[in-house]
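Close look at the chain arrangement
Now for the letters of each chain:
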Amino acid sequence: LYDLVDYFVVNLSSPNTPGLRALQEKEPLRHLVKKLTDERSKKRKYRPILLKIAPDIHEEMLKDILAVTQSLKIDGIIATNTTVARDNLKTPRDHLDKIGNGGLSGKPLLDRSDRIVALARKCTPGLPIIGVGGINAPEDARQKINCGAQLIQLYSGMIFYGPGLIKDIKKLLSSQITSK
């Protein structure tokens, strides 16, 4: 796919793939990223590599991940994927148990994702960060950017609120730029 894409995302954070999140540990991550960057160095054309991380990691693990990304020249972070946490949901626990495991997206993810974005920005001031998770309104997008994301991605917000959400986000953000 190298000649067909603009960039690659290494998604080590899918909660739906057994054992995948273990690759976010420092040494497995270092080994994987080194192989990828070594392969990239053999290519004529440069393709950025971004790392997509989970919202459920603790601060020390995030710092390890960011240290690896900096030492091995990863081009950016996508923060975050879906969460495995089920805290503070309105859905009864027995119903959740019937649904089964998997990643939870949407509004319940906003605070977790913002925490990861803010910490990533603090630890890696120059590294591009794409903020993802819980953006359901223009204010959520602004909050994600205020936490340190340079770009945002929408998933659930698009499903629940439609493509007009993008227009509303753009309107809010551009009004803030022009008012400064």
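Structure report, in brief. (Residues numbered from 1 in each chain as written. Predicted model: local features only at pLDDT ≥ 70, side-chain atom pairs only at ≥ 80, totals over all residues. Heavy atoms only, no water.)

1. A word on the environment of Leu62
To be explicit about the condition: What counts as a helix is a DSSP run of H or I of at least four residues, what counts as a strand is a run of E of at least two, and both are numbered from the N terminus. Note on classification: 1.4 Å probe, protein chains only; a residue is buried when its accessible area is under 20% of the maximum for its type, exposed when over 50%, partly exposed between these limits. Working rule for contacts: check all heavy atoms of both residues, and any pair within 4.5 Å makes them a contact.
Residue position: Leu62 is located in helix α2 (residues 59-71). A relative accessible area of 0% means that Leu62 is categorised as buried. Ignoring any residue separated from it by four or fewer positions in sequence, one finds Leu62 in contact with Ile53, Ile57, Ile116, Leu119 and Ala120.

2. Thoughts on the packing of helix α4 (residues 110-123) against helix α5 (residues 138-147)
Operational definition: Note on geometry: axes are C-alpha line fits, over the in-contact stretch for helices, and angles between N-to-C directions span 0 to 180 degrees. Every angle not falling under 35 degrees, over 145, or within 65 to 115 is termed oblique; those three ranges are roughly parallel, roughly antiparallel and roughly perpendicular. In the scheme used here, Gly and all other residues not listed as nonpolar or charged are polar, with Ala, Val, Leu, Ile, Met, Phe, Trp, Tyr, Cys and Pro taken as nonpolar and Asp, Glu, Lys and Arg as charged.
Running from amino to carboxyl end, α4 crosses α5 at an angle of 25°, the nearest separation of the two axes being 8 Å. In terms of their interaxial angle, α4 and α5 are classed as roughly parallel. Within the contact between the two elements, α4 uses Leu110, Asp111, Ser113, Asp114, Val117, Ala118 and Arg121 and α5 uses Asp140, Gln143, Lys144 and Cys147. Among the residues making up the contact of α4 with α5, the classes are represented as four nonpolar, two polar and five charged.

3. Digging into the packing of helix α1 (residues 26-41) against α2
Keep this limit in mind: Crossings are sorted by hand: turned counterclockwise from the far helix by less than a right angle, the near helix makes the crossing left-handed, and turned clockwise it makes it right-handed.
Contact pair α1 / α2: the axes reach a minimum separation of 10 Å and the direction vectors enclose 25°. One finds that α1 runs roughly parallel with respect to α2. As for how α1 packs across α2, the hand of that crossing is right-handed. On α2, the residues touching Lys26, Leu29, Arg30 and Val33 of α1 are Asp64, Ile65, Val68 and Ser71. Across the contact of α1 with α2, the residue classes break down as four nonpolar, one polar and three charged.

4. Observations regarding the nonpolar core
To be explicit about the condition: In this text, buried Ala, Val, Leu, Ile, Met, Phe, Trp, Tyr and Cys residues form a nonpolar core when linked through side-chain atoms within 4.5 Å.
In terms of nonpolar packing, the biggest core is built from 26 residues, with Leu51, Ile53 and Ile57 touching the most fellow members. Secondary-structure elements contributing two or more residues to this core are α1, β2 (49-53), α2, β3 (76-79) and α4. Counting six residues, the second largest nonpolar core, distinct from the first, contains Ala141, Leu154, Ile169 and Leu173.

5. A short note on unusual backbone geometry
Of the consecutive residues Ala79 and Thr80, the connecting peptide bond is found in the cis state with omega at 20°. In this fold, Thr80 is placed in the loop between β3 and α3 (93-99). In this structure, Lys73 is a non-glycine residue whose phi angle is positive, near 65°. By the element assignment, Lys73 lies in the loop between α2 and β3. Residue classification places Lys73 among the exposed positions, given a relative accessible area of 57%.

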